[in-house]
Amino acid sequence: MDERYDPQKIELKWQKKWEEMNIHATDTIKGRKFYCLEMFPYPSGNIHMGHVRNYAIGDVIARYKKMRGYDVLHPMGWDAFGLPAENAAIKHGVQPSEWTYKNIDAMKKQLTGLGLSYDWERELATCSPEYYRWNQWFFLQMFKRALAYRKSSSVNWCPSCSTVLANEQVIDEKCWRCDSIVELKELDQWFFRITDYAERLLIDCDTLTGWPESVLTMQRNWIGKSEGVEVDFPIRGSDRKLRIFTTRPDTLFGVTFMCLAPDHPMSRELAGGNEKLDEMKNAGENPEEKIIIFTGENAINPLNNDAVPIVVANFVLMEYGTGAIMSVPAHDQRDFDTAKKYGIPIKQVITSGANLSPVELEEAFEDEGILINSAQFSGLKSNDAKKKIAEYIEERGLGKRTVNYRLRDWGISRQRYWGTPIPIIYCKKCGIVPVPEEGLPVILPENVSLTGLGSSPLADADEFVNTSCPKCGGEAGRETDTMDTFVDSSWYFIRYCSAKNEDALDRDNISNWMPVDQYIGGIEHAVLHLLYSRFFTKVLHDIGIVNFDEPFTNLLTQGMVCKETYKCQEHGWLLPEEAEKGTCIKCNRKVEIGRVEKMSKSKKNVIDPNHLIETYGADTSRLFSLFAAPPEKDLEWSDKGVEGAFRFLNRLWSAAYRIKACIRSSGIDDSAIDKDSPLFRKTHRTIKKVTHDIERDFHFNTAIASMMELLNELTAFRPADENDYALMGFALRNLVLLIAPFSPHIAEEVWETMGNKPSIFRQPWPEWDDEYTKAMQIELVVQVNGKVRAKAMVPAGLPDEKLKEIALRDRKVGEFTGDKPVRKVIIVKGKLVNIVV
RNA sequence: GCCGGAGUGGCGGAAUUGGUAGACGCAAGGGACUUAAAAUCCCUCGGGGCGUUGCUCCGUACCGGUUCGAGUCCGGUCUCCGGCACCA
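1. Thoughts on the pattern of salt bridges
Here the structure, examined in full by the defined rule, presents 43 salt bridges. In this structure, the salt-bridge partner of D206 is R220, at a minimum N-O distance of 3.1 Å. Taken together, the positions of D206 in the loop between helix 6 (198-203) and helix 7 (213-223) and R220 in helix 7 put the pair 14 residues apart, joining distant regions of the chain. Residue D206 is classed as exposed on the basis of its relative accessible area, which comes to 54%. With a relative accessible area of 25%, R220 lands in the partly exposed category. K428 is the partner of E475 in a salt bridge, and the nearest nitrogen-oxygen pair spans 3.5 Å. With E475 in strand 22 (residues 475-478) and K428 in the loop between strand 19 (424-427) and strand 20 (431-434), the pair connects residues that are 47 residues apart, well separated along the chain. Accessibility assignment for this pair places E475 and K428 in one class, exposed.

2. Some words on the side chain of K65
Along the chain, K65 turns up in helix 2 (residues 49-67). Within the buried set, K65 has no salt-bridge partner at all; the shortest N-O distance to an opposite charge, 4.2 Å, is to E695. Sequence-distant contacts of K65, defined by excluding residues within four places in its chain, comprise F34, Y70, V72 and E695.

3. Things to note about the packing of aromatic side chains
Under the counting rule described, the total for this entry stands at 43 aromatic pairs. A centroid spacing of 5.1 Å and a plane angle of 75° characterise the contact between F624 and W637, whose relative ring orientation is edge-to-face. Remark: W637 occurs in the loop between strand 31 (635-636) and helix 19 (639-666) and F624 occurs in helix 18 (residues 618-627); sequence separation between them is 13 residues. Taken as a pair, F624 and W637 share a single burial class, namely buried. Above the ring of W222, the side-chain terminus of R406 is found at 4.6 Å from the ring centroid. Lying across the ring of W573, K567 places its NZ or CZ 4.4 Å from the centre.

4. Focus on the sheet that holds strand 32 (residues 777-784)
In spatial order, the strands read 33-32-35-34; together these four strands make up an open sheet with mixed pairing. Looking at which strands have only one partner, the edges of the open sheet turn out to be strand 33 (787-795) and strand 34 (824-828). Pairwise comparison of adjacent strand axes, ignoring direction, gives a mean angle of 20° for this sheet. Pairing of strand 32 with strand 33, which is carried by eight bridges, proceeds in the antiparallel orientation. The residue of strand 33 that forms the bridge with E779 is M793.

5. Section: the packing of helix 2 against helix 18
Geometrically, a packed helix pair is captured by the angle between its two axes and the distance between the axes. Put simply, helix 2 and helix 18 touch, their axes get as near as 9 Å, and they point 95° apart. Put simply, helix 2 runs roughly perpendicular to helix 18. Between helix 2 and helix 18, the residues in contact are V52, R53, A56, I57, D59, V60 and R63 and S621, R622, S625 and L626, respectively. Here the contact of helix 2 with helix 18 is composed, by residue class, of five nonpolar, two polar and four charged.

6. Description of the sheet that holds strand 22
Backbone hydrogen bonds are what pair the strands of a sheet, in a parallel or an antiparallel way. Spatially, the four strands line up as an open sheet ordered 20-19-22-21, and their pairing is antiparallel. Two strands bound the open sheet, and with one partner strand each, they are strand 20 and strand 21 (466-468). Averaged over all pairs of adjacent strands, the angle between strand axes in this sheet comes to 40°, irrespective of strand direction. Bridging between strand 21 and strand 22 involves three bridges; their strand directions are antiparallel. Within the sheet, the bridge partner assigned to N466 lies in strand 22 and is G477.

7. What about helix 7?
Residues V215, L216, Q219 and I223 constitute the buried set of helix 7. Projected down its long axis, helix 7 carries its buried residues within an arc of 100°, all on one side. The exposed set on the far side of helix 7, more than 90 degrees from its buried face, consists of E213 and N221. On its buried side, helix 7 packs onto helix 6, strand 8 (225-234), strand 16 (399-405), helix 16 (528-543) and strand 25 (555-558). Downstream of helix 7 by one or two residues, G224 has phi in the positive range, about 55°.

8. Some remarks on unusual backbone geometry
Here the bond from L440 into P441 is cis, since omega is -5°, no more than 30 degrees from zero. Geometrically, the link from M514 to P515 is a cis peptide bond, its omega value of -5° lying close to zero. The residue N447 is not glycine, and still its phi comes out positive at about 55°. Residue placement: N447 occurs in the loop between strand 20 and helix 12 (462-465). Residues other than glycine seldom take positive phi values, yet K604 does so here, at roughly 60°. Residue position: K604 is located in the loop between strand 30 (592-598) and helix 17 (609-616).

9. Details of the environment of F761
Note that F761 resides in the loop between helix 23 (744-753) and helix 24 (770-773). On the basis of relative accessible area, F761 is assigned to the buried category, the value being 11%. The contacts of F761, once residues within four sequence positions are left out, are W18, I23, R63, M67, A740, P741, P744 and E748.

10. Structural notes on the packing of helix 22 (residues 722-739) against helix 23
Taken N-terminus to C-terminus, the directions of helix 22 and helix 23 make an angle of 150°; their axes are 8 Å apart at the nearest point. The angle between the axes of helix 22 and helix 23 places the two elements in the roughly antiparallel class. By crossing handedness, the relation of helix 22 to helix 23 is classed as left-handed. Between helix 22 and helix 23, the contacting residues are L732, R733, V736, L737 and I739 on the first element and A747, V750 and W751 on the second.

11. Notes on the pairing of strand 34
Direction of pairing for strand 34 relative to strand 35 (residues 832-836): antiparallel, over a ladder of five bridges. Within strand 35, the position partnered with V828 by the bridge is L832. In this antiparallel pair of consecutive strands, strand 34 and strand 35, the connection spans three residues, and G830 shows a positive phi of 65°.

12. Focus: empty space enclosed by the protein
With the rule as written, the count across this model stands at two cavities of 30 Å³ or more. For the second largest cavity, the calculated volume is near 30 Å³. For the second largest cavity, the full set of lining residues is F138, Q141, M142, F536, V539, L540 and I543. At four residues, helix 16 tops the list of elements feeding residues into the lining of the second largest cavity. Along the lines of polarity and charge, the residues of the lining of the second largest cavity split into six nonpolar, one polar and no charged.

Cut-offs and rules
- Residues numbered from 1 in each chain as written.
- Chains lettered and ligands numbered in written order.
- Predicted model: local features only at pLDDT ≥ 70, side-chain atom pairs only at ≥ 80, totals over all residues.
- Heavy atoms only, no water.
- Salt bridge = Lys/Arg side-chain N within 4 Å of Asp/Glu carboxyl O.
- Helix = DSSP H or I, 4+ residues; strand = E, 2+ residues; numbered from the N terminus.
- Buried < 20%, exposed > 50% of the residue type's maximum accessible area, 1.4 Å probe, protein only.
- Lys, Arg positive; Asp, Glu negative; His and termini not counted.
- Contact = heavy atoms within 4.5 Å.
- Phe/Tyr/Trp six-rings, centres within 6.5 Å; stacked < 30°, edge-to-face > 60°.
- Lys NZ or Arg CZ within 6 Å of the ring centre and 35° of its normal.
- Pairing = 2+ DSSP bridges.
- Axes fitted to C-alpha atoms, helices over the stretch in contact; angles between N-to-C directions.
- Parallel < 35°, antiparallel > 145°, perpendicular 65-115°, else oblique.
- Nonpolar A, V, L, I, M, F, W, Y, C, P; charged D, E, K, R; others polar.
- Arc of directions from axis to C-beta.
- Left-handed = near helix turned anticlockwise from the far one by under 90°.
- 1 Å grid on protein atoms, 1.4 Å probe; cavity = no way out; pocket = protein on both sides within 12 Å on 5 of 7 lines; lining within 4 Å.
- Points joined across faces, edges and corners; volume = space filled by probe spheres on them.

Laid out in structure tokens, this is it:
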């Protein structure tokens, strides 16, 4: 051990040693298993601070659990398919596979440099045929069960990426990746019927007690279940009917018009040659504005035989419900606005109950209440009326109760090259024919010309496309779309359960390790990835591959890494190193300091982890990102804070350096330690506190704070004799064990220096004795009428009577109580006495 | 609009079951060491008041309540962040 703390030197040393010792190999399960998983990264070529935070959190948990005696699976891999590889190919003429694998190499080095305890033996890349063949296999299983199907549909089309986007990939009508305005395009697409699982995905949210409430809420909202009634309205002068969906059957008597979605099959027919229909589809300047077109036809309300006009309305969605609605302006704000604008009558059928006759409404009354003007249902409460009217409708065959979900089927087709080929063959004779399982994998061909123009690049790869029909042997062509990369990430956690050379779906391996005990990743995946993974797991369960139906028992969504932004009037956004002392290094102009935002390349408010590790080392980088905020909250970057973490490790180092000689000479004979000494008790308290903080939702920031306290006390400690050396050794030994999961390299080095055999990670987690967590002396707080008036140091463990006596005798207390009679004395054991006068 | 979450010093954040508000760190100020600086170490550090080194009053977004005692529980208001958003 050198006198000076040199992170580069020791970190490299231990990373090498760990590899030689193969210390991160997956345990065979002997006792309790623990599957710790962090969301795998896209191999962009460089890690960012978000990765550092995510993986530091995961590594603390994995290393801690190992020390606690769990058999741990802690794998890492690559979400390797996706657009950037293809864009790089178009821009630089390099093959996507080459580009991807080069990036994987680079990023693996960076992750290793962080000292993360992954078992690289189980590394996977989703772009390898050994991996994606199983995507294809899953597709075939889904196809067999009609869970994969093809339909022509209007899809989101990004003109810039020239590809289809899933609903979830469209944010504010813009592409999630490039922010282009999304257009609609009609294409044949493959879908997974996730809507078949909507109800199970919804109710099983209740079983996910280890998930953050916010994520569950987002999933529930995304699924968007609503219960209501479908009702048929006959069209006057015709024998046809118009079917609508409503959640408010209690307002049926208030219907004054009917709305069709512009793309409802009846719209064009009923509206005839009305040109306005086309205009309406291409949304006006203000998409919020409500526009309707009268078709001239009327519908008959089956409950009261009123004839009401049928209109086409721009605000009605074809994809939801039946694409047609009944409009009740008195009790729906949108209908109210529309009715006012077009002079349609407003008929009140619900009152608040205060007044049972209609009033002049200034806005829609959307609450539930008491029915009026509703024939035999008048006088009922909304809730009862909903039930009674629904029954009435079903009895007379006028409609039926229905449940609707906001969730749509998952469109998985992508007109892209760098993804899993969809294992389907189109035969002129036999139609759509799945590739037989023996034919897997359908290999993605190399050396396909990529231009970024048009759609599916595979369509031009004749050798790929041209094939024979598995059924009839005749001429046939392959599907040229590839799968959404969310398919890849929907089951990768299952692949890790088996070693590289084992069957990917080995049931024993899967049931040994799954479900994931702790999953850690960004909140941005709250719906997409996490919902799809749950869906896949349920399908696998139904197929009989797995015996559980939720993949992730506990979920930790870490907050974003944020930093203030710098902007120069002339040069725009500036990198932190371009804004020196508040001025732009290019033009010397004053830099505008912007708000704290998520680190992003576009705003240049980024810190390069590589640079950070070079300057301070991996241990400091990890420690800071764990100390600055609790994991689930956003973390604000602070250069000074990093230095603080670095200082702490330096102080730990020099404390170890200073006392290592004493420790060695005194041996480590704990029996000689004075059990009453404050440092001994502080050490026990710290072990307890750190353990509790980790167990209690991973409050690493407070765990680290208490380790800092222990170091402060150890540094201030002045030994008087040999026994005190043993005590210091005891404190240091435990401190190093506690910090090991957080800053593993320095812990190993100090551990070794203290004369122990590596590795510290083969040591059990330290234990505490509750008897020794108690201080010998306590500070008794004395309150008068709930206000602190005095404090006194008293020996721990005094009986209540004694505490009361001390409190009442206190001079200061006397000043406040005066000669007023004591009404009551409240004693909180070992802490506080409150005197009420 | 609906649904979630959060408001505590100059800053990041602590306070686990209702019991000393501000742990730990950062910044700032003062001191030691040094020719000097950096590094390091020590001290101070929520605000106001005074007879100024100890005492006192106020203080956890705002208003009210429960309680011997409220950052914590209850009712209401405001602000900020995130998600969804013509879903009938």
